[in-house]
Amino acid sequence: MTDADVSTVKRSLAVPDLSLVVLVGTTGSGKSTFARRHFLPTQVVSSDVCRGLVADDENDQSATPDAFDLLHYIAGKRLAAGRLTVVDATNVQSEARRSLIRLAREHDVLPVAIVLDVPEGECARRNAVRPDRAGMPAHVIPRQRRELRRSLKSLEREGFRKVHILRGSEEVEAAEITTERRYNDLRHLTGPFDIIGDIHGCRSELETLLGKLGYALRRDERGRPVDAAHPEGRTAVFVGDLVDRGPDSPGVLRLVMGMVASGAALCVPGNHENKLGRYLKGRKVQVTHGLAETVEQLEREHTEDPEFGDRVRVFIESLVSHYVLDGGALVVCHAGLPEKYHGRTSGRVRSHALYGDTTGETDEFGLPVRYPWAEDYRGRAAVVYGHTPTPVASWLNNTICLDTGCVFGGRMTALRWPERELVDVPAERIWYEPVKPLTNEAPGGAQGRPLDLGDVQGRRVVETRHMGRIAVKEENAAAALEVMSRFAVDPRLLGYLPPTMAPCATSSEDGYLEHPAEAFAAYRSDGVREVICEEKHMGSRAVALVCRDDTVARKRFDAPDGVSGMVYTRTGRPFFDDPRLTGKILRRLSRAIDSAGLWQELDTDWLLLDAELMPWSLKAEGLLRNQYAAVGAASRAVLPGVLTALENAAARGVEVSGLLGKQRERAVDAAAFTEAYRRYCWPVGDPQRGWPGEEREEPRGRRTVGSRGTDGLDGIRLAPFQILAVQGRSLAALPHDQQLAMIDRMVEAEGLDADANNSICAYVPTYVNRLLAPTRRLVVDTEDDASRAAGVQWWLDLTAAGGEGMVVKPLQGFVRKGDGRLVQPGVKCRGREYLRIIYGPEYTRPENLDRLRVRHLGHKRSLALREYALGLEALDRLADDEPLWRVHEAVFAVLALESEPVDPRL
Amino acid sequence: MILGRVFLTITTTGTDESPATDLGFLLHKHPDKAQRFSTSHGTAHVLYPEATAQRCTAALMLEVDPVALVRRGRGKGRGGAPDSALAQYVNDRPYAASSLLAVALSSVFSSALRGQCKARPELPERPLPLRIEVPALPARGGAELVQRLFTPLGWAVTAEPVALDEEFPEWGDSRYVRLVLEGEQRLADALRHLYVLLPVLDDAKHYWVAPDEVDKLLRSGEGWLEGHPEQRLITSRYLTRRWSLTRTALERLELARLAEADDTEVEEIDNAVAETTAEFAGEFAGESAEEEDGTQKTEGGVSGETTEAAGKPVPLAVQRREAILDALRGTESARVLDLGCGQGQLLAALLKDARFTEIVGVDVSMRALNETARRLRLDRMSERQSTRLKLMQGSLAYTDSRLRGYDAAVLCEVIEHVDPPRLPALEYAVFGAARPRAVVVTTPNVEYNVRWETLPAGKARHPDHRFEWTREEFRSWAGEVAERHGYTVEFRPVGPDDPEVGPPTQLALFRFGADGTKTDGTSTDRTSTDDKRTDHSTTETTSTTTAKEAAA
C-alpha cells in the first residue's frame, strides 16, 4: 500500500473519510501549506498554533509538552465526534507518532500518515524567509531529516493503515487528497433489506426462509442452491455464523457466497467464520463448538471441489465486521455494537462486532456472561444482530437479536427492513444439543433472561412513550420489592397494575365534599366534550388475565400447567388464596368471552380485564372488622349510655340541653355510618344469601341446591369495566362506550351460557349464580347544561340507592390537552353517604366539612397521571411481546409509586 | 376513621350520714353542674346523671375531635397535606381511646388521683362502694385479660365482649369489652388503676411518649403494682411498646400505603418482623432472651418449640443454627451469604466464628434489616468486625449480580415463605445465577408437626408459611434442583430424629460439583471455559458434549 514508488503528475492520496491524518515532515517542509490547501482550516490541529495558545509564542519550545496535551485533547474531541482530523506537527520522532496512533485507536479510527520528504536546503530556505524562525539553530533541520529517514520504513509497522510518502516539492505540489468511504459505510444503500439471523449450517431451513421471504433460488446442475434473488430487488443481509454445528455448512457457504458475489446479499462475519478463516489459513485453533462438523464437511467437499476451501478463505477474509446502512438508520453486525463503535474501524470494534462484550464471569453452564449492552443502548440507529440464542426475537431499545437458535431446534428468523417485520421458520429438528437450554424456568427466562434485581431496585427512571421519563424513589422501590417478592403473583402473569385515581375537585356545595359538577367542569376546561359516567362498583379492584385455556397461558405467558390466567388485586396479590376459586372464575370468564364471540372479534386468545370484584367484605374483611365495624361497635356500645346519662342529668335540672342535642345527632350519624359499610358486605359461597343488589332469578327448571351443590362463587360478582389489552394490541385508547358494549355482551353471554350449561348437567342440578355484573353508565356533554344536569341527577339517584358513586372518564379513553399533556383518565365522584366510610361518621357536620374541604389534590393528581402513563407503558410493552423484564419494570414502578405519601382518603 | 366517644361512669352508694354525693367533693366537681374542660385531644365533660345521698354517679365524657387529631399527624406529605398514613395508623384509631381517656382522667381529676381533698381531708382515705362502668373498653387480650388485671386488685369484674356487627355474626366480637368494676376501694386507688391499666389493655398504639413515663408509672402504681401477678406484662406493655411501635410505624409508612391501596391491614403484609419481639426489645442483649425470641420469630405458631437434648432443653432455633454452622464449616466456606437473614440471629452466630471472613445478610424486608442492625449493634461494632458484615436488601425473586462468587449461601427457614409457583425463580436466583460453591437449605418437616401438642392438627407452624413439606417432598425438590444445576446434595436431620416422623427441621447441603461423579464434568467444564475466554469464542458447548466428542 506504500505509494512510495509511484510518481505521477497528479498524485491522488486516498484518505478514509473518518481518520486521523498525521503529517510527517521537518520544519520548513511545507506541512502547514499542504494542510491549508487540502483540508478545511477547522480540520487541522497544528502544534504551532497550540504552542501559541498556551504560551503566546508559536516557537516557545518550553511550551511543547503543554501544547501537545492541548493538541491531543482537541484532536480527541474531534475524533470522538466522528470528524476527520489532521495533525500538523513535525512528527518525525516515533514517540510522537506513537501517541497519535494510540489516540486514533482510542477513538476507533484509522491513522493515516502523509510524509513530506523535502530536501534540507529547501526547508532551510523557507525557514529563512520567516522572521519568527530566523533564529532556529542550523542543526535542527538535518537532525529532523535524519529522524525522518529512519522512520520511513517502519511507519506501517507502527500502525498507520495508510502511508503516503511525497518525495520532493514537486510531488508535494502534485498531490491531491481523495476521501474515500470506509468499508463499513454503506449508508447509500437503502435496501429494502431482509436481515437473516444465525444459520449454523442449517441449509435446508435457510432455503425455506429465503423462499418465505420471496427469494427465487438458483441451483447448480446438481440441484444445489448457488444464488438467490428477490424479484423486487431486495437485498439479503446475513448477520454471520453461517457455519458450524449444523448439517451443511458448505451448502450454506455456497449459497451465501453466491448471493454476495451476485450482489443479492451482504454478509458480516460471525465468530464462527472468523475461527474457520483462521483454521483455513492453517492457524492452530481448537476444533470445538461445532467446528469439527464443518471441517469434516469441508473435507468431503474438498474431494469433489479442491478449490472450495480456498474460495471460502478468500470470502471470509473479505468480510467487513459491521455495516452502517440506509442513511445511518441501520447497523448490522454479528454480536451487537454500542453506538460509539458505529462506523468506526479498529481491532476493538471488530472484536466487539464478532464476539460482543463479556463481563469476564461465567454462568452455571461455564459459558461467558455477556454484558447486556443493549439495555444501555440509546443510539439512533437500529442495531440488528445475532450471536446469542434467544427464545424469541424482540426489540429492545432499538436493537434486536435474530439468533433464535435454529440449530438447537429453535427457529431461523429474518427481519424485513424498513418494514420491521419478523419472518421465521421452525428448525426441522434439533441439529445440535445446546449446552444450556434455550430457556430456563425462572420468570423471564423464556423471553431472554430472568428478571434481575437491577431492573427494579434503587432509584430508577422508567422511559414511557406517553409521559417521558418517570422517576421512582429508592424507598418506594424498597417497599414495592417486599410486596412484589413476598405477596405478588408470578410476574409472568402480572402484566399490568391499575393506576390510582384522583377524586374530582372539592365541591363547595352545601353538604357535599364531592359532586359531579366539579368533574364536568374540569373536563370541559381541559377541552373534553364527551365524558362517560360509569357506576363505581363498591368492591375491590381486580385485574383478570384470562386465557382461552391453559395451553394458551403456557405458550404466551409461560404459565405453569393447569393455570389459565390470574385474578389479582391492585398491588398484584392473588385475589383468592385458593387457586381453585381463581380457576373457576377464569373458566367462567373464558366461557363468557367465547360465547360473546370476542376471541374471534378481537383476534386474540387472551385478554386482560380491569374490573371490580364484589363484595367488598370478601377482600377487606380484616379492615372492615378492625376499623369500620369496630368504630360502629364502639359507637353502639357507648352512645346509649351517654344518652341515658345526659337525659338523667337533664331530668335533674342540670343544664345539658346543648350537649344532649349534639349527642342525639351523633347517634344518627353513627347509625348512618354502619349502614354505609353494611351495604357493601355480604357472605359468599352461600346460595341462600346472594347478591343483595339483585332479585334472585329462578329460571325454569333450575333448582337451587344447598351450599354443597354450588360452585362456591355464589355472591361473588365481577364487574369488568375495561378490556386493557389483547394479543398484539393495547386497548387502553379504545373509547369507553365501545369497551362497555363488548363487556355487556360478555355479561349477556354468561346468562345464556349458564342456561345451556345447566341443561347439560341435568343429573346434577347446580344453581349457578351469575358472576358478571354490568356497569351502568351515562354519556354527558360537558358543554350542554341539560346534559350536565342529567349527569348530576343520575349520580344523585345512583348514590341515593346505595351506590358508592361514579367515575367520570373522557369517552375517548386516551386524551391529551391542547398543550400535549395527558388529561386525567378518570376522576371519581363518591356519594355523600359512602364518604362516611372514608371521612368518618360525622364528616357531614358543617364544622367538619369546612375543615375537610381543605384537601390537597395536586399530588394525588400528579400521581394518578404518572401511574396511568406507567400502566399504559406496561400494556404497550405487553402487547408488543417485549421481554418480561421490560413489562415488569413498568408494572413494578406503578406499585412503587403506590407507596408514595399521599392522603389515603383521596 | 373517626373515634367514638370515650365514656366512663363512676357510681357510689351512700346513706344520709355518709351521702353518696360526697363523690362530688372527692372529684372536685359539683354534682349540679355540667362542666367542660379542654384537654389536648378534645373536650372533656363531667356531669352527674344521678346525685342523691343514696346513689351518685359521675360521668366523664371525652369528645375527641377527629379532624384535629388527624391533622396533628402532619408528616412529610407534599403541599402541607397531612401524611395521613401516619395519621391513620398511629393516631386515628378507635383503640387509641384508652390512652386519651387516661390523659383526660389525669387532667380532669388530678387532685382525686393524688388522693387530695382540701374541703374534706378525711374523705380520700375512706374506701367507698364503687361501681365503675366503661361501656366500650379496647382490650387487647380480651375479657380474660381484663379479669386477670382487675381481679387481683379486689374488683368484682364483669367484662362482656361487644359484638362487631349483629348483622354479620360471623365476624365475631370486636376488640371492645363492656367493663363493670365493683368493689370497696378508695377513689384515688380506683382512678390510678384505670390510669395505668386502660392504656395497658389498649392495643398500645400510642404516639405520645413522655420521658417521665417511668416516674408516672411508679407513682400511679404505688401500693398495688409491685404485688400484681401480671406486673411484668403491665410494665412492659406500658413502657416498652410505645417506643418500638412509634419507631415501627415510621418505618413502615410505605408498606402501610401499599396495604391501604389493597384494602388490607398493614399487619397482613408487614409481618416480616414478629410483633411479639417488641415485648422483649428491652432485654434482647441477654442471650436467653435472644433464644426465646428467636424461637418466637421463626416458629411463631408453636409455643415453646424446644426439644430435649442432653437433659437440658435446647431451643430448636439454636440447634438449627448449630447444624448450619457445622455444615458451613464442613465446606470450608469463608465468604457466606445469609439469604433471608430475618432479624440476624444466624448472622450473630456467624460473626462469632472468625473463619467466616465475609458475611452478607440479605433480606427483602427493610424492617427486618433495620431490626438486625439494631440487634447486632452495627453502629457500635468495631471497624474490624463491621467490615466482615454487610446487610443489604435483596430478593430471591430476581437474579442479583451482587450475590455472585460466594463460597456458601444459607437459606434458613426461607423457602417455606415463598409461594410454590415462585420457587423456580428462587431456585434460579440462587443455584443458577448466584451459584455459590455450597448452599444450605433448612425447612420444617411437616411430618413432625404431630409431635407438638400445642400445634393444632393441619395447622402450619407459622402463619406466613406457604407450605410445609414432608421429608419426601423436600428430598425430591432438592434432588431436582441439584440435578438441574450441577450440584450434589446430602440431607441432615436437625433436632431429634424421630424414628417415625423424622426430625423437626430438615437440612439439605448442596455442593457444586463436589461429588466424584460430577468432578469429571466440572474439570472439563473449567478448561473449556478457559479456552473460550482466550479464544474469545462465546458460543455454547457442554462438558458432556466435549466429553462425547473426545470419546468419539
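Because the structure is predicted, anything quoted here is derived from the model rather than measured.

(A) Structural view of the overall build of chain A. Looking only at helices and strands, chain A features 28 helices and 34 strands. Taking 906 residues into account, the globule formula puts the C-alpha radius of gyration at 29 Å, and chain A, at 38 Å, lies well above it. The 906 residues of chain A split such that 51% are buried. For chain A, restricting intrachain contacts to residue pairs at least 6 apart in sequence, the fraction spanning at least 24 positions comes to 72%.

(B) Region of interest: the pairing of strand S16 (residues 505-512) of chain B. Residues and elements named next belong to chain B. Among the 8 residues of S16, 8 are classified as buried, and the element is accordingly described as predominantly covered. Covered by surrounding structure in S16 are Thr505, Leu507, Leu509 and Arg511 together with Gln506, Ala508, Phe510 and Phe512, the residues of both alternating faces. Summarising the sheet, strand S14 (residues 438-444) and S16 pair through 7 bridges and their orientation is antiparallel. Residue pairing in the sheet places Val441 in a bridge with Ala508 of S16.

(C) Layout of the sheet that holds strand S21 (residues 411-417) of chain A. All names here are of chain A. Here we have 5 strands laid out as an open sheet, ordered S13-S12-S9-S21-S22, and mixed in their pairing. Strands at the two margins of the open sheet, each flanked by one partner only, are strand S13 (265-267) and strand S22 (421-426). Taken pair by pair, the neighbouring strands of this sheet meet at an average axis angle of 20°, ignoring direction. Two elements, strand S9 (residues 193-196) and strand S12 (residues 235-238), share 4 bridges in a ladder whose sense is parallel.

(D) Local environment of the UniProt feature "domain: Polynucleotide kinase-phosphatase ligase" (unreviewed entry) in chain A. On the UniProt side, "domain: Polynucleotide kinase-phosphatase ligase" (unreviewed entry) is annotated at positions that read residues 479-685 and 709-901 of chain A here. Helix makes up 51% of residues 479-685 of chain A and strand 14%, and the two end C-alpha atoms of the span are 34 Å apart.

(E) Seen up close, the domain arrangement of chain A. The domain architecture assigned to chain A consists of domain 1 (11-180), domain 2 (185-438), domain 3 (456-500 + 855-906), domain 4 (507-537 + 776-854) and domain 5 (617-759). One C-alpha centre belongs to domain 1 of chain A, the other to domain 4 of chain A; they are set 76 Å apart.

(F) Highlighting the sheet that holds strand S15 (residues 330-333) of chain A. All names here are of chain A. One open sheet accounts for 6 strands, arranged S8-S14-S15-S18-S20-S19; its pairing is mixed. Each edge of the open sheet is held by one strand with a lone partner, namely strand S8 (185-186) and strand S19 (395-396). By the bridge criterion, 3 bridges tie strand S18 (residues 382-385) to strand S20 (residues 399-401) in an arrangement that is parallel. Note on S20: the bridge partner recorded for Val383 is Thr399.

What counts, and where the lines are drawn
- Residues numbered from 1 in each chain as written.
- Chains lettered and ligands numbered in written order.
- Predicted model: local features only at pLDDT ≥ 70, side-chain atom pairs only at ≥ 80, totals over all residues.
- Helix = DSSP H or I, 4+ residues; strand = E, 2+ residues; numbered from the N terminus.
- Rg over C-alpha atoms; globule rule 2.2 N^0.38 Å.
- Buried ≥ 20, exposed ≤ 12 C-beta atoms within 10 Å, placed from the backbone.
- Contact = placed C-beta atoms within 7 Å.
- Pairing = 2+ DSSP bridges.
- Axes fitted to C-alpha atoms, helices over the stretch in contact; angles between N-to-C directions.
- UniProt positions renumbered as here; feature names shortened; annotations may be inferred.
- Domains from an automatic or database assignment.

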